[in-house]
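# Coordinate analysis (summary)
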Amino acid sequence: MNYWLLTTEFPPVHGGGISTYCWHTAKMLVNNGHEVTVFTNDYNVNKTEREVPIDNVTLIRFNPNQVEIGKALGADVRLSLEFAFAVEQELKVNTAPDFIETQDYMGIGYYILQKKLLRYPAFDSLKVIVTIHAPSFLYLEYNQVPSYNFPEYWIGEMEKASIRMADLLVSPSNYILTDLESRMKLKDLRPIRIFNPFENEQSFKDIPTFKQKDIVFFGKLTPQKGCIEMMQYLKRMWDEGFDVPITIIGGGNHFFYPLQEDMIVHFKKKYAPEIEKGLILFEGNMEPKKLKSRLSRAHVIIIPSIVDNLPYAALETMAMGKVLLASTNSGHTELIDNRLNGFLFNHSMPASFENELRFILGLTPIEINKIGRQAQLDIEKQTN
């Protein structure tokens, strides 16, 4: 099978779930004897550059500023037109693929699907899969970003149109499909759930020795990731005498519109006394290898999202045999069996966060290892 994959993120870009997904998908397909071509936008190339990052994978990096008519559009909307152009140029010199898969995010498949439905000769026979990862029209809402501004509004409309026009709609979790149902019509498309591909290099390895009371949050400091609620829960616990710090890994600069400042700036001002006491530690962004090493010594890793699809952070944490404390507002609820292979709390019951965290910290090392081993076994079943 000849498979083309369209994405805005591909290694060495790391830290994003889409990049991780595309890497695992490419490896999964070539390991099963298929050929893969990945298309990704890159302003650092002149026109087009080809690489072979994995055997039987061709990576096409293209400059997304080539279509003359596209200059009448904003950069974000033009990106979809540039993806269609890159695909069209490849169709001129190579056989059409059996399938094209495109992410939903940013609506990058919009013009390809539009041209297919309008029966443009090069696009007429293409079969296009749209995979739901992180639809901005949904996530912007949770991140409290003005979604009726330009270009955000039209990007959302392009994402919705791409989802509706797809030959096949795929999602790694049922959770995100349910959340989207109140915002657009989906059921008639018969979307299917396909678990995220994941080359598991961790299961059945020894579970790393953890450092007592090493609590870690790693991810983006955005409202969607639940960091605001998490900090509120911890602040209440600290005020009542809880003396265990939280380490924030990643974070980054993410503008928080209601306060007109970056979230990390807001946190450093609001929680200055706690930072001064050493209750909040910032360790910044890390390369993947360093991140795995750092997470390996964590006592508990927290994923407090208020909405999420099926985050690779959950898969990777469980595969390492680490104890995960996660919210019920995500597709990782389809992985976690509470208090057997991980722990769940409910944002609608704020006390549940404290109850579960204190319960975890009270477990013996043997009990922690038992839960970690069960997490490894369950991830192994899912990824086989």
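Above this text sits the structure in question.
Now for a look at the structure at hand. (Residues numbered from 1 in each chain as written. Predicted model: local features only at pLDDT ≥ 70, side-chain atom pairs only at ≥ 80, totals over all residues. Heavy atoms only, no water.)

Right, let's get into the packing of helix α3 (residues 110-117) against helix α5 (residues 152-165). Across the interface, α3 lies against α5 with an axial gap of 9 Å and an inter-helix angle of 45°. One finds that α3 runs oblique with respect to α5. In this structure, α3 meets α5 at a crossing whose hand is left-handed. Between α3 and α5, the residues in contact are Y110, Y111, L113, Q114 and L117 and M158, A161, S162 and M165, respectively. Tallied by class, residues from the contact of α3 with α5 come to seven nonpolar, two polar and no charged. (Axes fitted to C-alpha atoms, helices over the stretch in contact; angles between N-to-C directions. Helix = DSSP H or I, 4+ residues; strand = E, 2+ residues; numbered from the N terminus. Parallel < 35°, antiparallel > 145°, perpendicular 65-115°, else oblique. Left-handed = near helix turned anticlockwise from the far one by under 90°. Contact = heavy atoms within 4.5 Å. Nonpolar A, V, L, I, M, F, W, Y, C, P; charged D, E, K, R; others polar.)

Turning our attention to the sheet that holds strand β5 (residues 99-103). Read across the sheet, eight strands follow the order β3-β4-β2-β1-β5-β6-β7-β8 without closing on themselves; strand pairing throughout is mixed. Looking at which strands have only one partner, the edges of the open sheet turn out to be β3 (48-54) and β8 (192-193). As paired elements, strand β1 (residues 2-7) and strand β2 (residues 35-41) share six bridges and run parallel to each other. Counted as the bridge partner of Y3 is V36 from β2. (Pairing = 2+ DSSP bridges.)

Attention shifts here to helix α8 (residues 263-270). For α8, the full list of buried residues reads M263, I264, H266 and F267. All buried residues of α8 lie within an arc of 155° about the axis, which places them on one face of the element. In this fold, the buried residues of α8 make contact with α7 (227-239), β11 (255-256), β12 (261-262), α9 (272-276) and β13 (280-284). (Buried < 20%, exposed > 50% of the residue type's maximum accessible area, 1.4 Å probe, protein only. Arc of directions from axis to C-beta.)

Nothing here speaks to function; it is all geometry.
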